[in-house]
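Residue-level structural notes
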Amino acid sequence: MVQGVEVTGQAGLVEIHMDRPEKKNALTASMYGAMTAALEKASARADIGAVLIAGRGDAFSAGNDLADFMAGPEGAGAAFAFIRAIAAFDKPVVAAVQGLAVGVGTTMLFHCDLVYAAPDARFIMPFVNLGIVPEAGSSLLAPATLGYAKAAAMLLLGEPMDARAADQAGLVTAVVPGDGLLAHARGAAATLLAKPPQALLATRRLMKGDTAPVLARIDEEARIFREAMQSAEAREAFDAFFQKRAPVFRRG
């Protein structure tokens, strides 16, 4: 177990638990690395049929740990490696989401097959607010999944989406009671594992279609993201965040 991530496996299922509840499961470079490694190992093992991703405590994930992310290039590199790993993963992924799902806590869900949300789940993509751009292919997948108007509210305005709205928009598979969330997600994973494996994987490939445009968008987002991180806008946004004040942006 890497600090902040617990990976377990039995009966064909690998479970990845973000386990840093005191920080709302904010993700560090080492946590990203552990999750990427878990996905790569699950992909390589013929006896693994599905992966379940969940968060401990009252949040799914608050997104990047900004202090860790800003400490050096390792944070961004590890984050983008995880994003590519989950986007290219070749087996079903089930997610159990409660509480906050911020930034990558939401964008990773576009690459999951079944997403179950507790009633208190809140999905937020505040990239523009931080002077940066979306990642994980979400600039392509959010409009395709939610419709352009809802995606614009989330990505341009930074508006949150609650569990009920996310269910109606197609971001989540179903809203289930919080006290039974993990059990429900595990039950769905068990149902997947009982299916004919080759037919299941072939159907998933057909549904996903050509992944090249998504991976190309992920690379394009990563390039612009890194450029944006060096901008005056991003510096002001991050300074304001850490100083707990309203940012001031200038035009021209």
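Conventions used here
Residues numbered from 1 in each chain as written. Predicted model: local features only at pLDDT ≥ 70, side-chain atom pairs only at ≥ 80, totals over all residues. Heavy atoms only, no water. Phe/Tyr/Trp six-rings, centres within 6.5 Å; stacked < 30°, edge-to-face > 60°. Helix = DSSP H or I, 4+ residues; strand = E, 2+ residues; numbered from the N terminus. Buried < 20%, exposed > 50% of the residue type's maximum accessible area, 1.4 Å probe, protein only. Pairing = 2+ DSSP bridges. Contact = heavy atoms within 4.5 Å. Axes fitted to C-alpha atoms, helices over the stretch in contact; angles between N-to-C directions. Parallel < 35°, antiparallel > 145°, perpendicular 65-115°, else oblique. Left-handed = near helix turned anticlockwise from the far one by under 90°. Salt bridge = Lys/Arg side-chain N within 4 Å of Asp/Glu carboxyl O.

To continue, consider the packing of aromatic side chains. For the structure shown, the criterion picks out three aromatic pairs. Here Y32 and F82 contribute two aromatic rings whose centre-to-centre distance is 5.8 Å and whose plane-to-plane angle is 45°, an arrangement assigned as tilted. In this pair, Y32 sits in helix α1 (residues 29–44) while F82 sits in helix α3 (residues 73–88), placing the two residues 50 residues apart along the sequence. On the basis of relative accessibility, which here comes to 2%, the residue Y32 falls in the buried class. Residues F80 and F225 carry aromatic rings whose centres are separated by 5.4 Å and whose planes lie at 90° to one another, so their mutual orientation is edge-to-face.

Our next topic: the sheet that holds strand β4 (residues 93–97). Ordered in space as β1-β2-β3-β4-β6-β9, the six strands form an open sheet in which the pairing is mixed. The sheet terminates laterally at β1 (5–10) and β9 (174–175), the two strands that pair on one side only. By the bridge criterion, six bridges tie strand β2 (residues 13–18) to strand β3 (residues 50–55) in an arrangement that is parallel. Bridge pairing links E15 to L52 in β3. Its contacts with the sheet place α1 against β1, β2 and β3, and it is angled at close to 175° to β2.

Moving on to the packing of α3 against helix α10 (residues 212–229). Between α3 and α10, the shortest axis-to-axis distance is 11 Å and the interhelical angle comes to 165°. Compared by their axis directions, α3 and α10 come out roughly antiparallel. Once α3 is placed against α10, the crossing between them reads as right-handed. Judged by residue contacts, A76, G77, F80, I83, R84 and A87 of α3 engage L215, I218, D219, A222, F225 and R226 from α10.

Taken in spatial order, the three strands make up an open sheet running β5-β7-β8, and their pairing is mixed. Two strands close off the open sheet at either side, each with one partner strand: β5 (100–102) and β8 (161–162). Two elements, β5 and strand β7 (residues 122–124), share three bridges in a ladder whose sense is parallel. Within the sheet, the bridge partner assigned to V102 lies in β7 and is I124.

Scanning all chains against the criterion turns up 10 salt bridges. Put simply, R186 and E15 hold a salt bridge, and the shortest N to O gap is 2.7 Å. Taken together, the residues R186 in helix α8 (residues 181–193) and E15 in strand β2 connect sequence positions 171 residues apart. For R186, a relative accessible area of 36% gives the class partly exposed. Judged by relative accessible area, E15 falls into the buried class, the value being 8%. Here E227 makes a salt bridge to R223, at a shortest N to O gap of 3.4 Å. Residue E227 and its partner R223 are both found in helix α10; the two are separated by four residues, about one turn of the helix.

Nothing here speaks to function; it is all geometry.
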